[in-house]
Amino acid sequence: FMKQIKLLVKTNSKKYPLIIGSNLTKKLSNILKKNSINFNKCFLIVDKNVPKKFISNIKHSLRNYETYIYFFNANEKNKNFSNVNKILEILLNKNFSRDDCIISVGGGITGDTSSFAASIFKRGLKFINIPTTLLSQVDSSIGGKTGINSRYGKNLIGSFYQPCLVVSDIQFLKSLPRREIICGYGEILKHSLIENKDFFFFLNRNIKRILNLSSPFIEKAIYKSCMIKKEIVETDEKESGLRKILNFGHTFAHAFESSLGYSKKLNHGEAVILGMKTAAEFSYKNKVLNKKDYQLIINHIENSRLPSSIIKFFTIKDINNIISFMLKDKKNTSTKINLVLLKKIGSPIFSKQYAKKSIEFFFKDYLRNQNL
(Lines give C-alpha, C1' and ligand atoms only; values in the text may rest on other atoms or scores of the structure.)
Protein backbone atom coordinates (compact mmCIF):
# COMPACT_ATOMS: atom_id res chain seq x y z
CA PHE A 1 0.00 0.00 0.00
CA MET A 2 1.05 3.55 -0.60
CA LYS A 3 1.33 5.72 2.47
CA GLN A 4 -1.39 8.30 2.84
CA ILE A 5 -1.21 11.29 0.54
CA LYS A 6 -2.29 14.76 1.60
CA LEU A 7 -3.25 17.48 -0.85
CA LEU A 8 -4.07 21.01 0.24
CA VAL A 9 -6.86 22.67 -1.71
CA LYS A 10 -6.61 26.47 -1.49
CA THR A 11 -9.57 28.43 -2.78
CA ASN A 12 -10.38 32.08 -2.13
CA SER A 13 -12.99 31.12 0.43
CA LYS A 14 -11.17 28.31 2.27
CA LYS A 15 -8.07 26.12 2.54
CA TYR A 16 -8.68 22.47 3.31
CA PRO A 17 -6.81 19.16 3.29
CA LEU A 18 -7.75 16.20 1.12
CA ILE A 19 -6.37 12.91 2.39
CA ILE A 20 -6.10 9.77 0.26
CA GLY A 21 -5.12 6.43 1.76
CA SER A 22 -6.19 3.09 3.11
CA ASN A 23 -8.13 2.27 6.32
CA LEU A 24 -8.62 5.95 7.11
CA THR A 25 -12.06 5.49 8.71
CA LYS A 26 -10.36 3.89 11.73
CA LYS A 27 -8.07 6.90 12.11
CA LEU A 28 -10.69 9.60 11.71
CA SER A 29 -10.30 11.25 15.12
CA ASN A 30 -6.49 11.38 14.67
CA ILE A 31 -6.95 12.99 11.28
CA LEU A 32 -9.29 15.57 12.83
CA LYS A 33 -6.78 16.37 15.58
CA LYS A 34 -3.83 16.56 13.19
CA ASN A 35 -5.69 19.02 11.01
CA SER A 36 -7.01 20.92 14.06
CA ILE A 37 -10.67 20.51 13.20
CA ASN A 38 -12.70 20.95 16.38
CA PHE A 39 -16.39 20.54 17.14
CA ASN A 40 -18.61 19.15 19.90
CA LYS A 41 -21.48 17.62 17.98
CA CYS A 42 -21.48 15.91 14.65
CA PHE A 43 -24.27 14.76 12.41
CA LEU A 44 -23.38 11.80 10.18
CA ILE A 45 -25.37 11.60 6.97
CA VAL A 46 -24.73 8.10 5.67
CA ASP A 47 -25.68 6.48 2.39
CA LYS A 48 -27.71 3.35 3.23
CA ASN A 49 -25.46 1.28 0.95
CA VAL A 50 -22.25 1.92 2.88
CA PRO A 51 -21.14 -1.38 4.50
CA LYS A 52 -21.80 -1.52 8.27
CA LYS A 53 -18.16 -2.14 9.22
CA PHE A 54 -17.13 1.30 7.95
CA ILE A 55 -19.91 2.98 9.88
CA SER A 56 -18.88 1.25 13.10
CA ASN A 57 -15.23 2.27 12.45
CA ILE A 58 -16.33 5.87 12.08
CA LYS A 59 -18.64 5.80 15.11
CA HIS A 60 -15.91 4.19 17.20
CA SER A 61 -13.40 6.79 16.10
CA LEU A 62 -15.85 9.59 16.98
CA ARG A 63 -16.84 8.14 20.35
CA ASN A 64 -15.67 11.29 22.20
CA TYR A 65 -18.08 13.50 20.29
CA GLU A 66 -21.83 13.82 20.61
CA THR A 67 -22.92 11.99 17.44
CA TYR A 68 -26.20 11.70 15.57
CA ILE A 69 -26.74 9.60 12.48
CA TYR A 70 -29.15 9.82 9.55
CA PHE A 71 -29.38 7.10 6.92
CA PHE A 72 -29.97 8.54 3.48
CA ASN A 73 -31.45 6.59 0.60
CA ALA A 74 -29.16 8.11 -2.00
CA ASN A 75 -30.57 8.43 -5.49
CA GLU A 76 -31.11 11.33 -7.88
CA LYS A 77 -34.82 11.49 -7.03
CA ASN A 78 -34.08 11.95 -3.31
CA LYS A 79 -31.61 14.74 -3.96
CA ASN A 80 -34.31 17.29 -3.22
CA PHE A 81 -35.61 19.98 -0.86
CA SER A 82 -37.69 17.66 1.23
CA ASN A 83 -34.62 15.63 2.28
CA VAL A 84 -32.60 18.79 2.91
CA ASN A 85 -35.45 19.94 5.12
CA LYS A 86 -35.37 16.70 7.14
CA ILE A 87 -31.66 17.25 7.77
CA LEU A 88 -32.19 20.89 8.82
CA GLU A 89 -35.03 19.91 11.17
CA ILE A 90 -32.77 17.44 13.01
CA LEU A 91 -29.93 19.98 13.28
CA LEU A 92 -32.33 22.59 14.67
CA ASN A 93 -33.97 20.10 17.01
CA LYS A 94 -30.61 18.97 18.44
CA ASN A 95 -29.51 22.60 18.73
CA PHE A 96 -26.44 22.40 16.49
CA SER A 97 -24.31 25.53 16.31
CA ARG A 98 -22.16 26.84 13.49
CA ASP A 99 -19.11 25.36 15.21
CA ASP A 100 -20.57 21.86 14.98
CA CYS A 101 -20.23 19.62 12.02
CA ILE A 102 -22.00 17.60 9.33
CA ILE A 103 -20.08 14.57 8.07
CA SER A 104 -21.21 13.07 4.79
CA VAL A 105 -20.40 9.38 4.27
CA GLY A 106 -21.43 8.29 0.80
CA GLY A 107 -21.17 9.05 -2.88
CA GLY A 108 -21.76 12.29 -4.76
CA ILE A 109 -25.51 12.41 -4.16
CA THR A 110 -25.08 12.16 -0.39
CA GLY A 111 -22.23 14.69 -0.52
CA ASP A 112 -24.15 17.18 -2.67
CA THR A 113 -27.24 17.01 -0.47
CA SER A 114 -25.35 17.15 2.85
CA SER A 115 -23.07 19.99 1.79
CA PHE A 116 -26.03 22.02 0.52
CA ALA A 117 -27.77 21.55 3.89
CA ALA A 118 -24.51 22.51 5.66
CA SER A 119 -24.20 25.66 3.54
CA ILE A 120 -27.65 26.99 4.44
CA PHE A 121 -27.92 25.90 8.10
CA LYS A 122 -27.36 29.14 10.08
CA ARG A 123 -25.55 30.32 6.92
CA GLY A 124 -22.97 27.58 7.18
CA LEU A 125 -21.69 25.02 9.66
CA LYS A 126 -18.58 22.85 9.37
CA PHE A 127 -18.69 20.20 6.71
CA ILE A 128 -16.51 17.09 6.31
CA ASN A 129 -16.79 14.86 3.28
CA ILE A 130 -15.95 11.14 3.35
CA PRO A 131 -16.58 10.11 -0.27
CA THR A 132 -17.19 6.37 -0.62
CA THR A 133 -17.39 5.91 -4.39
CA LEU A 134 -14.63 6.32 -6.95
CA LEU A 135 -16.72 8.97 -8.71
CA SER A 136 -17.06 11.15 -5.62
CA GLN A 137 -13.42 10.63 -4.58
CA VAL A 138 -12.11 12.03 -7.85
CA ASP A 139 -14.81 14.53 -8.63
CA SER A 140 -17.64 15.88 -6.51
CA SER A 141 -15.74 15.89 -3.20
CA ILE A 142 -13.34 18.57 -4.50
CA GLY A 143 -14.37 22.05 -5.36
CA GLY A 144 -17.27 22.88 -3.11
CA LYS A 145 -20.17 22.60 -5.51
CA THR A 146 -23.33 21.66 -3.64
CA GLY A 147 -26.71 21.09 -5.17
CA ILE A 148 -30.07 19.41 -5.38
CA ASN A 149 -32.39 18.61 -8.27
CA SER A 150 -35.80 19.96 -9.09
CA ARG A 151 -38.33 18.92 -11.69
CA TYR A 152 -36.75 21.48 -14.02
CA GLY A 153 -33.45 19.62 -14.10
CA LYS A 154 -30.33 18.50 -12.32
CA ASN A 155 -28.35 20.60 -9.80
CA LEU A 156 -30.25 23.79 -10.60
CA ILE A 157 -30.48 24.71 -6.89
CA GLY A 158 -27.23 24.93 -4.99
CA SER A 159 -24.35 26.95 -3.64
CA PHE A 160 -20.57 26.97 -3.55
CA TYR A 161 -19.46 25.74 -0.12
CA GLN A 162 -16.04 24.30 0.57
CA PRO A 163 -15.59 21.47 3.12
CA CYS A 164 -13.16 21.66 6.07
CA LEU A 165 -11.72 18.26 5.20
CA VAL A 166 -12.06 15.47 2.63
CA VAL A 167 -11.07 11.91 3.55
CA SER A 168 -10.84 9.43 0.65
CA ASP A 169 -10.41 5.89 1.93
CA ILE A 170 -9.51 3.37 -0.80
CA GLN A 171 -11.05 0.56 1.29
CA PHE A 172 -14.56 1.75 0.45
CA LEU A 173 -13.97 1.02 -3.22
CA LYS A 174 -13.56 -2.71 -2.61
CA SER A 175 -17.22 -2.94 -1.66
CA LEU A 176 -18.42 -1.38 -4.93
CA PRO A 177 -19.81 -3.22 -7.94
CA ARG A 178 -17.63 -2.95 -11.06
CA ARG A 179 -20.21 -0.72 -12.71
CA GLU A 180 -19.58 1.89 -9.99
CA ILE A 181 -15.81 1.71 -10.56
CA ILE A 182 -16.32 2.31 -14.28
CA CYS A 183 -18.59 5.19 -13.34
CA GLY A 184 -15.76 6.90 -11.44
CA TYR A 185 -13.23 6.01 -14.09
CA GLY A 186 -15.20 8.22 -16.50
CA GLU A 187 -14.24 11.32 -14.52
CA ILE A 188 -10.60 10.22 -14.18
CA LEU A 189 -10.47 9.84 -17.96
CA LYS A 190 -12.09 13.26 -18.36
CA HIS A 191 -9.42 14.92 -16.20
CA SER A 192 -6.69 13.40 -18.36
CA LEU A 193 -8.39 14.51 -21.60
CA ILE A 194 -8.79 18.14 -20.57
CA GLU A 195 -5.46 18.62 -18.87
CA ASN A 196 -2.72 16.05 -19.21
CA LYS A 197 -1.73 13.83 -22.12
CA ASP A 198 0.90 11.95 -20.08
CA PHE A 199 -1.77 11.03 -17.57
CA PHE A 200 -3.93 9.83 -20.47
CA PHE A 201 -1.10 7.52 -21.58
CA PHE A 202 -0.71 6.26 -18.00
CA LEU A 203 -4.44 5.40 -18.00
CA ASN A 204 -4.17 3.83 -21.43
CA ARG A 205 -1.41 1.49 -20.20
CA ASN A 206 -2.96 0.69 -16.83
CA ILE A 207 -6.73 0.78 -17.22
CA LYS A 208 -7.17 -2.91 -16.32
CA ARG A 209 -5.12 -2.52 -13.15
CA ILE A 210 -7.01 0.63 -12.20
CA LEU A 211 -10.43 -0.95 -12.74
CA ASN A 212 -9.26 -3.94 -10.66
CA LEU A 213 -8.24 -1.49 -7.88
CA SER A 214 -4.63 -2.71 -7.90
CA SER A 215 -2.24 -0.75 -5.70
CA PRO A 216 -0.45 1.63 -6.37
CA PHE A 217 -2.21 2.24 -9.72
CA ILE A 218 -5.61 3.10 -8.29
CA GLU A 219 -4.10 5.50 -5.71
CA LYS A 220 -2.01 7.16 -8.40
CA ALA A 221 -5.03 7.56 -10.67
CA ILE A 222 -7.07 9.12 -7.84
CA TYR A 223 -4.20 11.37 -6.79
CA LYS A 224 -3.45 12.65 -10.32
CA SER A 225 -7.13 13.17 -10.96
CA CYS A 226 -7.58 15.15 -7.74
CA MET A 227 -4.49 17.25 -8.53
CA ILE A 228 -5.94 18.28 -11.88
CA LYS A 229 -9.31 19.16 -10.43
CA LYS A 230 -7.71 21.00 -7.47
CA GLU A 231 -5.60 23.20 -9.76
CA ILE A 232 -8.60 24.12 -11.89
CA VAL A 233 -10.81 24.86 -8.87
CA GLU A 234 -8.08 26.96 -7.23
CA THR A 235 -7.83 29.10 -10.34
CA ASP A 236 -11.56 29.50 -10.79
CA GLU A 237 -13.62 28.62 -7.73
CA LYS A 238 -16.97 29.99 -8.95
CA GLU A 239 -16.84 28.67 -12.52
CA SER A 240 -16.54 32.02 -14.26
CA GLY A 241 -14.00 30.80 -16.79
CA LEU A 242 -11.46 27.99 -16.71
CA ARG A 243 -13.50 25.73 -14.41
CA LYS A 244 -16.01 25.28 -17.23
CA ILE A 245 -13.59 22.85 -18.92
CA LEU A 246 -14.53 20.34 -16.20
CA ASN A 247 -17.84 20.11 -18.03
CA PHE A 248 -16.23 18.34 -20.97
CA GLY A 249 -18.77 15.72 -22.09
CA HIS A 250 -21.24 16.84 -19.41
CA THR A 251 -23.63 18.93 -21.48
CA PHE A 252 -24.35 15.80 -23.50
CA ALA A 253 -24.21 13.55 -20.42
CA HIS A 254 -26.72 15.51 -18.32
CA ALA A 255 -29.09 15.65 -21.28
CA PHE A 256 -28.78 11.87 -21.75
CA GLU A 257 -29.54 11.29 -18.06
CA SER A 258 -32.42 13.77 -17.96
CA SER A 259 -34.08 12.46 -21.09
CA LEU A 260 -34.03 8.94 -19.62
CA GLY A 261 -35.54 10.34 -16.39
CA TYR A 262 -32.42 9.36 -14.38
CA SER A 263 -33.19 5.70 -14.93
CA LYS A 264 -31.03 2.85 -13.62
CA LYS A 265 -30.23 1.99 -17.25
CA LEU A 266 -27.62 4.73 -17.39
CA ASN A 267 -25.77 6.07 -14.34
CA HIS A 268 -23.95 9.39 -14.18
CA GLY A 269 -20.46 8.07 -14.93
CA GLU A 270 -21.68 5.99 -17.86
CA ALA A 271 -23.49 9.05 -19.19
CA VAL A 272 -20.24 11.04 -18.86
CA ILE A 273 -18.30 8.41 -20.83
CA LEU A 274 -20.95 8.48 -23.57
CA GLY A 275 -20.97 12.29 -23.36
CA MET A 276 -17.19 12.49 -23.80
CA LYS A 277 -17.29 10.11 -26.72
CA THR A 278 -20.04 12.24 -28.28
CA ALA A 279 -18.08 15.44 -27.56
CA ALA A 280 -14.93 13.95 -29.13
CA GLU A 281 -16.98 12.94 -32.15
CA PHE A 282 -18.49 16.43 -32.34
CA SER A 283 -15.03 18.04 -31.98
CA TYR A 284 -13.66 15.88 -34.78
CA LYS A 285 -16.66 16.41 -37.10
CA ASN A 286 -16.39 20.16 -36.60
CA LYS A 287 -12.68 20.08 -37.45
CA VAL A 288 -11.61 21.10 -33.95
CA LEU A 289 -9.91 17.84 -32.91
CA ASN A 290 -7.16 16.19 -34.98
CA LYS A 291 -7.64 12.66 -36.27
CA LYS A 292 -4.80 11.06 -34.32
CA ASP A 293 -6.05 12.18 -30.90
CA TYR A 294 -9.63 11.46 -31.89
CA GLN A 295 -8.64 7.84 -32.68
CA LEU A 296 -6.74 7.51 -29.39
CA ILE A 297 -9.80 8.57 -27.39
CA ILE A 298 -12.28 6.41 -29.28
CA ASN A 299 -9.97 3.37 -29.11
CA HIS A 300 -9.41 3.84 -25.40
CA ILE A 301 -13.14 3.91 -24.72
CA GLU A 302 -13.97 1.01 -27.03
CA ASN A 303 -11.05 -1.28 -26.17
CA SER A 304 -11.57 -0.80 -22.46
CA ARG A 305 -15.13 -2.07 -22.79
CA LEU A 306 -16.42 1.18 -21.35
CA PRO A 307 -20.02 2.10 -22.31
CA SER A 308 -19.61 3.41 -25.83
CA SER A 309 -22.81 3.06 -27.77
CA ILE A 310 -25.55 5.66 -27.55
CA ILE A 311 -27.85 3.61 -29.77
CA LYS A 312 -28.38 1.26 -26.83
CA PHE A 313 -30.30 4.11 -25.24
CA PHE A 314 -31.53 6.47 -27.93
CA THR A 315 -33.03 6.56 -31.39
CA ILE A 316 -33.49 9.41 -33.84
CA LYS A 317 -36.85 10.27 -32.30
CA ASP A 318 -35.16 11.07 -28.95
CA ILE A 319 -33.01 13.80 -30.47
CA ASN A 320 -35.41 16.69 -29.84
CA ASN A 321 -35.86 15.69 -26.23
CA ILE A 322 -32.08 15.47 -25.68
CA ILE A 323 -31.56 18.87 -27.29
CA SER A 324 -34.32 20.45 -25.20
CA PHE A 325 -32.38 19.44 -22.06
CA MET A 326 -29.13 20.73 -23.58
CA LEU A 327 -30.81 24.09 -24.11
CA LYS A 328 -31.76 24.25 -20.41
CA ASP A 329 -28.16 23.63 -19.29
CA LYS A 330 -27.13 26.16 -16.65
CA LYS A 331 -23.98 27.14 -18.57
CA ASN A 332 -25.94 28.60 -21.47
CA THR A 333 -26.38 32.33 -21.61
CA SER A 334 -28.24 32.60 -24.90
CA THR A 335 -30.42 30.48 -27.13
CA LYS A 336 -27.29 28.71 -28.33
CA ILE A 337 -25.74 25.68 -26.65
CA ASN A 338 -22.35 26.04 -24.97
CA LEU A 339 -20.03 23.10 -25.48
CA VAL A 340 -16.58 22.27 -24.19
CA LEU A 341 -14.66 20.67 -27.07
CA LEU A 342 -11.16 19.26 -27.47
CA LYS A 343 -8.46 20.66 -29.73
CA LYS A 344 -6.16 17.84 -28.74
CA ILE A 345 -5.74 15.63 -25.69
CA GLY A 346 -4.90 18.05 -22.90
CA SER A 347 -6.21 21.15 -24.71
CA PRO A 348 -9.90 21.87 -24.34
CA ILE A 349 -11.66 24.90 -25.73
CA PHE A 350 -14.66 26.06 -23.80
CA SER A 351 -17.76 27.99 -24.55
CA LYS A 352 -17.99 27.25 -28.23
CA GLN A 353 -21.60 28.08 -29.02
CA TYR A 354 -23.67 26.06 -31.42
CA ALA A 355 -27.14 26.59 -32.75
CA LYS A 356 -29.77 23.98 -32.05
CA LYS A 357 -29.90 23.08 -35.77
CA SER A 358 -26.24 22.11 -36.06
CA ILE A 359 -26.47 19.85 -33.01
CA GLU A 360 -29.62 18.25 -34.37
CA PHE A 361 -27.88 17.63 -37.68
CA PHE A 362 -24.84 16.15 -35.92
CA PHE A 363 -26.99 13.80 -33.79
CA LYS A 364 -28.94 12.45 -36.76
CA ASP A 365 -25.73 11.74 -38.58
CA TYR A 366 -24.08 10.24 -35.48
CA LEU A 367 -26.98 7.91 -34.68
CA ARG A 368 -27.20 6.75 -38.30
CA ASN A 369 -23.51 5.93 -38.39
CA GLN A 370 -23.69 4.04 -35.11
CA ASN A 371 -26.47 1.94 -36.58
CA LEU A 372 -24.38 0.83 -39.53
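Residues numbered from 1 in each chain as written. Predicted model: local features only at pLDDT ≥ 70, side-chain atom pairs only at ≥ 80, totals over all residues. Heavy atoms only, no water.

1. A short note on the overall build of the protein
Reasoning step 1: When helices and strands are tallied, the protein shows 13 helices and eleven strands.
Reasoning step 2: When the backbone C-alpha atoms are referred to their principal axes, the protein occupies close to 60 × 40 × 35 Å.
Reasoning step 3: Within the span of the protein, comprising 372 residues, buried residues form 59% of the whole.
Reasoning step 4: Counting only contacts in the protein whose residues sit at least 6 apart along the sequence, the fraction spanning at least 24 positions is 75%.
Reasoning step 5: A total of about 16,100 Å² of accessible surface is found on the protein, and carbon and sulfur atoms cover 50% of it.
Reasoning step 6: Counting 62 positive and 28 negative side-chain charges, the protein places the averaged centre of each group 2 Å from the other. (Helix = DSSP H or I, 4+ residues; strand = E, 2+ residues; numbered from the N terminus. Buried < 20%, exposed > 50% of the residue type's maximum accessible area, 1.4 Å probe, protein only. Contact = heavy atoms within 4.5 Å. Areas by Shrake-Rupley, 256 points an atom, 1.4 Å probe, with all protein chains shown as cover. Lys, Arg positive; Asp, Glu negative; His and termini not counted. Charge placed at Lys NZ, Arg CZ, Asp CG, Glu CD.)

2. Here we look at helix α11 (residues 291–303)
One turn of the α-helix equals 3.6 residues, which is why residues spaced by three or four share an orientation.
Reasoning step 1: Taking 1.5 Å per residue as the helical rise, α11 with its 13 residues ought to reach 18 Å, and the 18 Å between its terminal C-alpha atoms agrees with that figure.
Reasoning step 2: All buried positions along α11 are accounted for by D293, Y294, I297, I298, H300 and I301. Take α11 and look down its axis: the buried residues cluster within an arc of 160 degrees, on one side only. For α11, exposure combined with an orientation more than 90 degrees from the buried face picks out K291, K292 and N303.
Reasoning step 3: Packed against the buried residues of α11 are α6 (178–195), α7 (197–211), α10 (268–285) and β10 (337–344).
Reasoning step 4: Two or three places before K292, at the start of α11, stands the capping residue N290, its side-chain oxygen 3.3 Å from that residue's backbone nitrogen. (Expected span 1.5 Å × (residues − 1). Arc of directions from axis to C-beta. Polar contact = N/O pair within 3.5 Å; in protein donor to acceptor, adjacent residues only side chain to side chain.)

3. Let's talk about the packing of α10 against helix α13 (residues 356–371)
Reasoning step 1: Where α10 contacts α13, the axes come no closer than 11 Å and their chain directions differ by 110 degrees. Of the possible angle classes, the one that applies to α10 and α13 is roughly perpendicular. Residue-level inspection shows K277, T278, E281, F282 and K285 of α10 in contact with α13, the latter providing S358, I359, F362, F363, D365, Y366, N369 and Q370.
Reasoning step 2: Across the contact of α10 with α13, the residue classes tally to five nonpolar, four polar and four charged. (Axes fitted to C-alpha atoms, helices over the stretch in contact; angles between N-to-C directions. Parallel < 35°, antiparallel > 145°, perpendicular 65-115°, else oblique. Nonpolar A, V, L, I, M, F, W, Y, C, P; charged D, E, K, R; others polar.)

4. Examining the packing of α10 against α11
Reasoning step 1: For the pair α10 and α11, the least separation of the axes is 10 Å and the interaxial angle reads 160 degrees. Considering the angle they form, α10 stands roughly antiparallel to α11. Judged by the sense of rotation from one axis to the other, the crossing of α10 with α11 is left-handed. Residues I273, K277, A280, E281 and Y284 of α10 touch α11, and the partners they reach there are K291, Y294, I297, I298, I301 and E302.
Reasoning step 2: The class makeup of the residues in the contact of α10 with α11 is seven nonpolar, no polar and four charged. (Left-handed = near helix turned anticlockwise from the far one by under 90°.)

5. A few points about the pairing of strand β1 (residues 5–10)
Reasoning step 1: Here β1 shows a buried face lined by I5, L7 and V9 and an unburied face lined by K6, L8 and K10.
Reasoning step 2: Note that β1 and strand β2 (residues 15–21) share six bridges and pair antiparallel. Bridge pairing links K6 to I19 in β2. (Pairing = 2+ DSSP bridges.)

6. A word on the side chain of T110
Reasoning step 1: Within the fold, T110 resides in helix α4 (residues 108–120).
Reasoning step 2: Discounting chain neighbours no more than four positions away, the residues touching T110 are I45, D47, F72, A74, S104 and V105.

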